[in-house]
Amino acid sequence: MRSSLTPLGPPVSRDRIITSFPKWYTPDACLQLKEHFHGQVSSTCQSRNTGTVGLRLSKVVVVGDLYVGKTSLIHRFCKNVFDRDYKATIGVDFEIERFEIAGIPYSLQIWDTAGQEKFKCIASAYYRGAQVIITAFDLTDVQTLEHTRQWLEDALRENEPGSCFVFLVGTKKDLLSGAACEQAEVEAVRLASEMRAEYWSVSAKTGENVKAFFSRVAALAFEQSILQDLERRSSAQLQVGDGDLIRMEESPPETQESKTSSSLGCC
Ligand SMILES: Nc1nc2c(ncn2[C@@H]2O[C@H](COP(=O)(O)OP(=O)(O)OP(=O)(O)O)[C@@H](O)[C@H]2O)c(=O)[nH]1
Ligand SMILES: [Mg+2]
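- In the annotation of an unreviewed UniProt entry, the entry for the chain reads RAB36, member RAS oncogene family, and the organism field reads Felis catus.

So this is what it looks like as structure tokens:
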């Protein structure tokens, strides 16, 4: 059944409908081990009391060295295509992907940035306001893993501390045997834990783990959006219930004292 909150437009495709909380890739480097939506989130979604969350776009920024496969990863997910030819991203590009999560419409705006040094200053102008940062590296090129720390630092610098979910993604999984992939993952998982990031290995060529990965990104971002919205609404209610707080926010500093004392006087 489609949600009554679905904005105008075509329905979301069936594979963008998320009903249960998507699982992590490895428990050794994951942001949340739980397998269900937060109880408060489930009940809020059931009662369709999700405020403006269904109408907003959550920003996801994908960063990492040139040639690691950022564009390929996004194109595999959003367009289900894979191009063997390399076309460097110039500056930035973005895709909007619509989901329905726990019955509520939800959209991600996925920003693809250029890895080439000469475009870095253009791309970094788009880091601000990210709810999710995806740092990508090539599983076959250890140097690209070493550089992820710097990419993340640059992206975090433009955002409020603690406000972003961070993912570390190893790309081109199809180029490695199972054993070689496991070996490459050991170091990546260690770094992911250090970065407080969730780790995933994917292949844009075969599509392995791509949908599962973005479903996880969408679910975590969605849950955070709902919880933040609930918090905002409850603190707004608190302020409505507390006359002093409202007056303090609305009063310019020089008049605050007299207003506060007059309000004290009348109570
Ligand atoms: N075998 C394989 N090749 C891949 C995969 N993902 C990307 N590639 C190839 O790697 C090359 C670079 O991919 P892009 O997606 O353009 O890399 P990018 O990170 O966007 O590069 P910039 O835009 O310059 O930052 C292309 O030739 C892709 O076909 C993958 O999963 N497997
Ligand atoms: Mg690109």
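**Considering the side chain of glutamate 223**
No. 1: Among the structural elements, glutamate 223 can be located in helix α7 (residues 210-241).
No. 2: Not counting residues within four places of it along the chain, the set of residues in contact with glutamate 223 comprises Phe21, Gln32, Lys34, His36, Phe37, His38 and Val41.

**Topic: the pattern of salt bridges**
No. 1: Summed over all chains, the structure comprises 17 salt bridges.
No. 2: Between glutamate 153 and arginine 157 there is a salt bridge, with the nearest N and O atoms lying 4.0 Å from each other. One end of the pair is glutamate 153 and the other is arginine 157, both in helix α5 (residues 148-157) and four residues apart, which spans about a single turn.
No. 3: Residue glutamate 153 is classed as partly exposed on the basis of its relative accessible area of 43%.
No. 4: A salt bridge links aspartate 229 to arginine 233; its shortest N-O distance comes to 3.0 Å.

**What about the site of ligand 1?**
No. 1: Neighbouring ligand 1 are 23 residues, the closest being Lys70, Ser72, Asp83, Tyr86 and Gly115.
No. 2: With respect to ligand 1, the side chain of aspartate 174 contributes an N or O atom lying 2.7 Å from a nitrogen atom.
No. 3: Relative to its free-state accessible area of 650 Å², ligand 1 is covered by the protein chains to the extent of 95%.
No. 4: Tallied by class, the residues present in the shell around ligand 1 amount to nine nonpolar, six polar and eight charged.

**What about the pairing of strand β3 (residues 92-101)?**
Moving residue by residue along a regular strand, the side chains alternate between the two faces of the sheet.
No. 1: Two strands pair when backbone bridges link them, and strand β1 (residues 17-18) and β3 are joined in this way by two bridges, in the parallel orientation. The residue bridging isoleucine 17 from the neighbouring strand is glutamate 100, located in β3.
No. 2: Adjacent in sequence and paired antiparallel, β3 and strand β4 (residues 104-113) are bridged by two residues, among which alanine 102 carries a positive phi angle near 50 degrees.

**Focus: the coordination of the magnesium ion (ligand 2)**
No. 1: For the magnesium ion (ligand 2), the protein coordination sphere consists of Thr71 (OG1) and Thr89 (OG1), at 2.0 Å. Separated by 18 residues along the polypeptide, threonine 71 in helix α2 (residues 70-79) and threonine 89 in the loop between α2 and β3 bring together distant segments of the chain.
No. 2: With a relative accessible area of 15%, threonine 89 lands in the buried category.

**Some details on the nonpolar core**
No. 1: Within the largest apolar cluster, 36 residues are counted, with the highest numbers of intra-cluster contacts made by Leu108, Ile110, Ile134, Phe167, Phe213 and Phe222.
No. 2: Mapped by element, the contributors of at least two residues to this core are α1 (39-46), β2 (57-63), α2, β3, β4, β5 (132-138), β6 (165-171) and α7.
No. 3: The residues contacting isoleucine 110, other than those within four sequence positions of it, are Val60, Val62, Ile74, Phe77, Cys78, Asp93, Phe94, Glu95, Glu97 and Phe214.
No. 4: Trp111, Ile133, Val189 and Met195 belong to the second-largest nonpolar core, a separate cluster that totals 24 residues.

**Some details on the sheet that holds β5**
No. 1: With mixed pairing, the seven strands of this open sheet are ordered in space as β1-β3-β4-β2-β5-β6-β7. The outermost strands of the open sheet, each flanked by one partner alone, are β1 and β7 (198-201).
No. 2: Where α2 meets the sheet, its contacts fall on β2, β3, β4, β5 and β6, and the angle it forms with β4 comes to roughly 155 degrees.
No. 3: The strands touched by α5 are β2, β5 and β6; relative to β5, the strand with the most contacts, the crossing angle is about 160 degrees.

**Here we look at the confidence of the model for the chain**
No. 1: Across the chain, pLDDT averages 87, with 85% of residues at or above 70.
No. 2: Contacts for the low-pLDDT stretch residues 1-6, under 50 throughout, to residues beyond four places or in other chains number 17 contacts.
No. 3: Note on residues 246-267: pLDDT is under 50 here. Beyond four places in sequence and across chains, it has nine contacts.
No. 4: At the level of chain-chain contacts, confidence expressed as ipTM amounts to 1.00, with global pTM at 0.86.

**Some remarks on the packing of α5 against helix α6 (residues 178-195)**
No. 1: Packing of α5 against α6 brings their axes to within 11 Å, and their N-to-C directions diverge by 25 degrees. Taken together, α5 and α6 sit at an angle that is classed as roughly parallel. In this structure, the crossing between α5 and α6 has a hand that is right-handed. When α5 is examined against α6, the residues Thr148, Arg149 and Leu152 are found in contact with a partner set consisting of Leu191, Glu194 and Met195.
No. 2: Along the lines of polarity and charge, the residues of the contact of α5 with α6 split into three nonpolar, one polar and two charged.

**Some details on the packing of aromatic side chains**
How two aromatic rings sit relative to each other is given by the distance of their centres and the angle of their planes.
No. 1: Overall, the coordinates contain 14 aromatic pairs when judged by the stated rule.
No. 2: When the centroid spacing of 6.1 Å and the interplanar angle of 20 degrees are considered together, the rings of phenylalanine 77 and phenylalanine 99 count as stacked. With a gap of 22 residues between them, phenylalanine 77 in helix α2 and phenylalanine 99 in strand β3 connect regions that are remote in the sequence.
No. 3: Their ring planes at 80 degrees and their centres at 5.4 Å tell us that phenylalanine 167 and phenylalanine 213 sit as a pair that is edge-to-face.

How each quantity is defined
- Residues numbered from 1 in each chain as written.
- Chains lettered and ligands numbered in written order.
- Predicted model: local features only at pLDDT ≥ 70, side-chain atom pairs only at ≥ 80, totals over all residues.
- Heavy atoms only, no water.
- Helix = DSSP H or I, 4+ residues; strand = E, 2+ residues; numbered from the N terminus.
- Contact = heavy atoms within 4.5 Å.
- Salt bridge = Lys/Arg side-chain N within 4 Å of Asp/Glu carboxyl O.
- Buried < 20%, exposed > 50% of the residue type's maximum accessible area, 1.4 Å probe, protein only.
- Near = heavy atom within 4 Å.
- Polar contact = N/O pair within 3.5 Å; in protein donor to acceptor, adjacent residues only side chain to side chain.
- Areas by Shrake-Rupley, 256 points an atom, 1.4 Å probe, with all protein chains shown as cover.
- Nonpolar A, V, L, I, M, F, W, Y, C, P; charged D, E, K, R; others polar.
- Pairing = 2+ DSSP bridges.
- Donors = N, O, S within 2.8 Å, 3.2 Å for Na, K, Ca; no water.
- Core = buried A, V, L, I, M, F, W, Y, C linked by side-chain atoms within 4.5 Å.
- Axes fitted to C-alpha atoms, helices over the stretch in contact; angles between N-to-C directions.
- pLDDT = per-residue confidence, 0-100.
- Parallel < 35°, antiparallel > 145°, perpendicular 65-115°, else oblique.
- Left-handed = near helix turned anticlockwise from the far one by under 90°.
- Phe/Tyr/Trp six-rings, centres within 6.5 Å; stacked < 30°, edge-to-face > 60°.

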